[in-house]
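# Coordinate inspection notes
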Amino acid sequence: MATPILIDTDPGIDDALALLLAWNSPEVRVDAVTTVAGNVTVEKATTNVYRLLDLRKPAQLPTVAVGAAGPLARALQTATRYHGEDGLGDLADWPETEQAPASADAAGVIVQHARVSQRLLTLVALGPLTNLALALKADAAAMGFVGRIVAMGGAVDVPGNITPAAEFNLSVDPEAAHRVLAAKLPLDLVPLDATRQTVLPRAGLKKALSRSPGPIASRITAFSERGFRIDHAGGAQGMVLHDPLALALALDPTLAEWEAVRLAIGPEGETQRVRGEPNCRIARRVDVPRFVRLFLDRLCPPSPQRRASS
Ligand code: BDR
Ligand code: CA
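Residues numbered from 1 in each chain as written. Chains lettered and ligands numbered in written order. Predicted model: local features only at pLDDT ≥ 70, side-chain atom pairs only at ≥ 80, totals over all residues. Heavy atoms only, no water.

## Here we look at the overall build of the protein chain
Along the protein chain, the regular secondary structure elements total 14 helices and twelve strands. For 310 residues, the compact-globule estimate of 2.2 N^0.38 gives 19 Å, and the C-alpha radius of gyration of the protein chain, at 18 Å, lies within 12% of that figure. Across its three principal axes, the protein chain shows a C-alpha extent of roughly 55 × 40 × 35 Å. Long-range contacts, defined as pairs at least 24 residues apart, comprise 82% of the intrachain contacts of the protein chain with a sequence gap of at least 6. Carbon and sulfur atoms make up 54% of the accessible area of the protein chain, which amounts to about 12800 Å² in all. Positive and negative side-chain charges in the protein chain, numbering 32 and 33 respectively, have mean positions lying 5 Å apart. (Helix = DSSP H or I, 4+ residues; strand = E, 2+ residues; numbered from the N terminus. Rg over C-alpha atoms; globule rule 2.2 N^0.38 Å. Contact = heavy atoms within 4.5 Å. Areas by Shrake-Rupley, 256 points an atom, 1.4 Å probe, with all protein chains shown as cover. Lys, Arg positive; Asp, Glu negative; His and termini not counted. Charge placed at Lys NZ, Arg CZ, Asp CG, Glu CD.)

This is how it looks when you write it as structure tokens:
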């Protein structure tokens, strides 16, 4: 039976790749997608979820809910320098999306899914933890039912990507991160320590997409280009797959080794090891070849002609 998942996200180039991976993964059923301000405003993040739904047309449409417009206690810092002003590489030719979100209350939708699916539910958080913190505030008991939370964020034993010690998602909303870590949830954190191991060369993506030519493959190539360009300029040999790794670890936790740790959140969202009972597990060594194979095999569904002839 497929595991019900809810994806909380701020698309975002790598968030988009993670959503596409989820929609082609038989182990999970994406019941809901909730949006949060982070890489871009929550309005743009929501538009991007609908752009991707219109493009991919998954067999089961998720509930879409709009979440927090900004962090709990500070001003929003976006990441448009990396992801583009629109969050998806600023392509000029996205078709207009007509759909309207089912709900304006992401925290309420998270709580509702936690109540309905309980231990079966996996929450995958790919942006700042604001919506999760608001869901905890609304109904901590319901959140206690959730089977597993997989969140991309933090930089534990490696430098950050926003300050020397802070990673973007947690630095946007440190207060929310603190609340989530304090809530005694079954939390698996996927920090830069793990995600920086997963560098996808441009040629690898090109080769994989050439096996499934069509509008989805062309769009992935187009919106990913900015990510490759900026990561290359930063010295990487390809694009770092932060959010796709978190999604893949929600599908298959054996793709990484885990360490139970106690983390405290610093004033700028730093993840600091402290003594005491563990409050999360962090992903450490990743089986990179196995992850990249899974990611590339599933990112883009085969075009209908190919499916018929195979
Ligand atoms: C995280 O920050 C965002 O820009 C990415 O989407 C990812 O979730 C990496 O630090
Ligand atoms: Ca993200």
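## Observations concerning the packing of aromatic side chains
Taken as a whole and assessed by the stated rule, the structure comprises two aromatic pairs. With a centroid separation of 6.4 Å and 25 degrees between ring planes, the pair formed by Trp94 and Phe223 is classed as stacked. Of the two residues, Trp94 sits in the loop between helix 3 (80-83) and helix 4 (106-117) while Phe223 sits in helix 11 (residues 215-233), which places them 129 residues apart along the sequence. (Phe/Tyr/Trp six-rings, centres within 6.5 Å; stacked < 30°, edge-to-face > 60°.)

## Points about the sheet that holds strand 3 (residues 63-66)
Across the sheet, eight strands lie side by side as 3-2-1-4-5-6-12-9; this open sheet has mixed pairing. On the outer flanks of this sheet lie strand 3 and strand 9 (256-261), each paired with one strand and no other. Averaged over all pairs of adjacent strands, the angle between strand axes in this sheet comes to 25 degrees, irrespective of strand direction. Inspection of the sheet shows strand 9 paired to strand 12 (residues 280-286) by five bridges, in the antiparallel sense. By the bridge assignment for strand 12, Val261 is matched with Cys280. Packing against the sheet, helix 2 (residues 42-56) makes contact with strand 1 (3-9), strand 2 (28-35) and strand 3, and its axis sits at approximately 165 degrees to strand 3. Seen against the sheet, helix 12 (residues 242-251) touches strand 1, strand 2, strand 4 (122-125), strand 5 (148-152), strand 6 (187-190), strand 9 and strand 12 and runs at an angle of roughly 165 degrees to strand 5. (Pairing = 2+ DSSP bridges. Axes fitted to C-alpha atoms, helices over the stretch in contact; angles between N-to-C directions.)

## Digging into the site of ligand 1
The local shell around ligand 1 consists of Asp14, Asp15, Asn39, His83, Leu126, Met152, Asn161, Glu167, Phe168, Asn169, His242 and Asp243. Take Asp243: an N or O atom from its side chain is 2.7 Å from an oxygen atom of ligand 1. In isolation ligand 1 exposes 280 Å². Once the protein is present, 95% of that is buried. Mapped by element, the contributors of at least two residues to the shell around ligand 1 are helix 1 (13-22), helix 7 (168-172) and helix 12. (Near = heavy atom within 4 Å. Polar contact = N/O pair within 3.5 Å; in protein donor to acceptor, adjacent residues only side chain to side chain.)

## Notes on the coordination of the calcium ion (ligand 2)
Coordination of the calcium ion (ligand 2) by the protein comes from Asp10 (OD), Asp15 (OD), Asp15 (OD), Leu126 (O) and Asp243 (OD), over a distance range of 2.2 to 2.6 Å. Counting along the primary sequence, the residues that act as donors to the calcium ion (ligand 2) give the motif D-x4-D-x110-L-x116-D. Pair noted here: Asp15 is in helix 1 and Asp243 is in helix 12, with a separation of 228 residues, a long-range link. Classification of Asp15 as buried rests on a relative accessible area of 0%. With relative accessibility at 2%, the residue Asp243 sits in the buried group. (Donors = N, O, S within 2.8 Å, 3.2 Å for Na, K, Ca; no water. Buried < 20%, exposed > 50% of the residue type's maximum accessible area, 1.4 Å probe, protein only.)

## Some words on the side chain of Arg148
Note that Arg148 resides in strand 5. Side-chain polar atoms of Arg148 contact the backbone oxygen of Leu249, separated by 2.9 Å. Aside from chain neighbours lying at most four places away, what touches Arg148 is Leu121, Thr122, Leu123, Pro186, Asp188, Leu249, Ala250, Pro253, Trp258 and Arg281.

## Remarks on the confidence of the model for the protein chain
Note: predicted coordinates in regions of low pLDDT should not be interpreted at a detailed level. Residues at a pLDDT of 70 or more form 98% of the protein chain, whose mean pLDDT is 96. Here helix 14 (residues 304-309) is the element of the protein chain with the lowest mean pLDDT, 56, and strand 5 is the one with the highest, 99. (pLDDT = per-residue confidence, 0-100.)

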